[in-house]
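# Structural description and commentary
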Amino acid sequence: VAVNDMVVERLYGLIKANAPDAANVALLGLSYKQGTHVIEESQSIMLANRLIDAGYGVNVHDPAALEDAAEALGPAVEYWSDPYECVRGADAIVLLTRWPAFKELDWERIESGAKDGCLLLDSWRELASRKFTKFNYVGLGLGVNVKCLPTV
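A quick note: this is a predicted structure, and the numbers were derived from the prediction, not measured.

Conventions adopted
Residues numbered from 1 in each chain as written. Predicted model: local features only at pLDDT ≥ 70, side-chain atom pairs only at ≥ 80, totals over all residues. Heavy atoms only, no water. Helix = DSSP H or I, 4+ residues; strand = E, 2+ residues; numbered from the N terminus. Contact = heavy atoms within 4.5 Å. Areas by Shrake-Rupley, 256 points an atom, 1.4 Å probe, with all protein chains shown as cover. Axes fitted to C-alpha atoms, helices over the stretch in contact; angles between N-to-C directions. Parallel < 35°, antiparallel > 145°, perpendicular 65-115°, else oblique. Left-handed = near helix turned anticlockwise from the far one by under 90°. Pairing = 2+ DSSP bridges. Core = buried A, V, L, I, M, F, W, Y, C linked by side-chain atoms within 4.5 Å. Buried < 20%, exposed > 50% of the residue type's maximum accessible area, 1.4 Å probe, protein only. Polar contact = N/O pair within 3.5 Å; in protein donor to acceptor, adjacent residues only side chain to side chain. Salt bridge = Lys/Arg side-chain N within 4 Å of Asp/Glu carboxyl O.

Below, the discussion takes up the overall build of the chain. When helices and strands are counted, the chain shows six helices and six strands. Traced from its N-terminal end to its C-terminal end, the chain shows the element sequence α-β-α-β-α-β-α-β-α-α-β-β. Taking the intrachain contacts of the chain between residues at least 6 apart in sequence as the baseline, contacts between residues at least 24 apart amount to 64%. Accessible surface, the chain: about 7700 Å² in total, of which carbon and sulfur atoms supply 52%.

The relative placement of two packed helices is expressed as an angle between their axes plus a distance between the axes. Put simply, helix H2 (residues 43–53) and helix H3 (residues 66–73) touch, their axes get as near as 11 Å, and they point 40 degrees apart. What the angle tells us is that H2 and H3 run oblique. In this structure, the crossing between H2 and H3 has a hand that is right-handed. Residues Ile-45, Ala-48, Asn-49 and Ile-52 of H2 form the contact with H3, whose own contacting residues are Ala-69, Ala-72 and Leu-73.

What follows is about the sheet that holds strand S3 (residues 78–79). Hydrogen bonds along the backbone pair up the strands of a sheet, which may run parallel or antiparallel. Taken in spatial order, the six strands make up an open sheet running S3-S2-S1-S4-S5-S6, and their pairing is parallel. Whereas interior strands pair on both sides, the edge strands pair on one side only; in this sheet they are S3 and strand S6 (136–139). In this sheet, strand S5 (residues 119–122) lies alongside strand S4 (residues 92–95) in parallel orientation, the contact comprising four bridges. By the bridge assignment, Ile-93 is partnered in S5 with Leu-120. Contacting strand S1 (24–28), strand S2 (57–61) and S4, H2 runs over the sheet at an angle of about 170 degrees to S1.

A few words now on the nonpolar core. In this structure, Ile-15, Leu-27, Leu-47, Leu-51 and Leu-121 are the most contacted members of the largest nonpolar core, which totals 30 residues. Breaking this core down by element, the ones donating at least two residues are helix H1 (2–18), S1, H2, S2, H3, S4 and S5. It is H1 that contributes the most residues to this core, five residues altogether. In contact with Leu-47, not counting residues within four places along its chain, are Val-8, Leu-11, Tyr-12, Ile-15, Leu-27, Val-94 and Leu-96. Listed in part, the 21 residues of the second largest apolar core include Leu-28, Trp-99, Cys-118 and Phe-135.

Residue position: Thr-97 is located in the loop between S4 and helix H5 (100–103). Looking at Thr-97, its side chain comes within polar contact range of the main-chain nitrogen of Leu-30, at 3.4 Å. Separated by 2.8 Å, the side chain of Thr-97 and the backbone oxygen of Ser-31 make a polar contact. In this structure Thr-97 touches Leu-28, Gly-29, Leu-30, Ser-31, Lys-33, Gln-34, Ser-44, Asp-62, Phe-102 and Trp-124, once residues within four positions along its chain are discounted.

On to the pattern of salt bridges. Enumeration according to the criterion identifies five salt bridges in this entry. A salt bridge links Glu-126 to Arg-98; its shortest N-O distance comes to 2.4 Å. Note that Glu-126 is positioned in the loop between S5 and S6 and Arg-98 in the loop between S4 and H5, a separation of 28 residues in sequence. Judged by its relative accessible area of 16%, Glu-126 falls in the buried class. Take Arg-98: its relative accessible area is 41%, and that puts it in the partly exposed class. One network of salt bridges, in which partners are shared, links Arg-98, Lys-103 and Glu-126.

Distances and angles like these do not, on their own, reveal function.
Right, here's the structure in full:
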């Protein structure tokens, strides 16, 4: 539990440091792991709640867990079945659950519609090999093309 809480606070700190207060944050992936709708102990749900409590606007998408997420999060967030609609107008996009479909999204399309300086926080470094011009890309962990930003 302590490790989960620490991860949520680290992600929240990165968002707070790099996206304006009351920003619109898009969370991609809500289930605790790919291939399931289970959200119990999901860091994504914990992060959504943390952002809601801090006054952020939160959009969410997951290929399988939207219904369960709606029960857990209620009307405080916007639920999107289309990931492209979920990220439209976001100040920060957070790639959380490692669904293969997220890596295969048209990231050029997403970036072309993104705000300049939109934070793209990649929890799995799935997009580390891509070159972005508008995104402020942060790949968590160690490796090539990973930028470390301070937390608050």
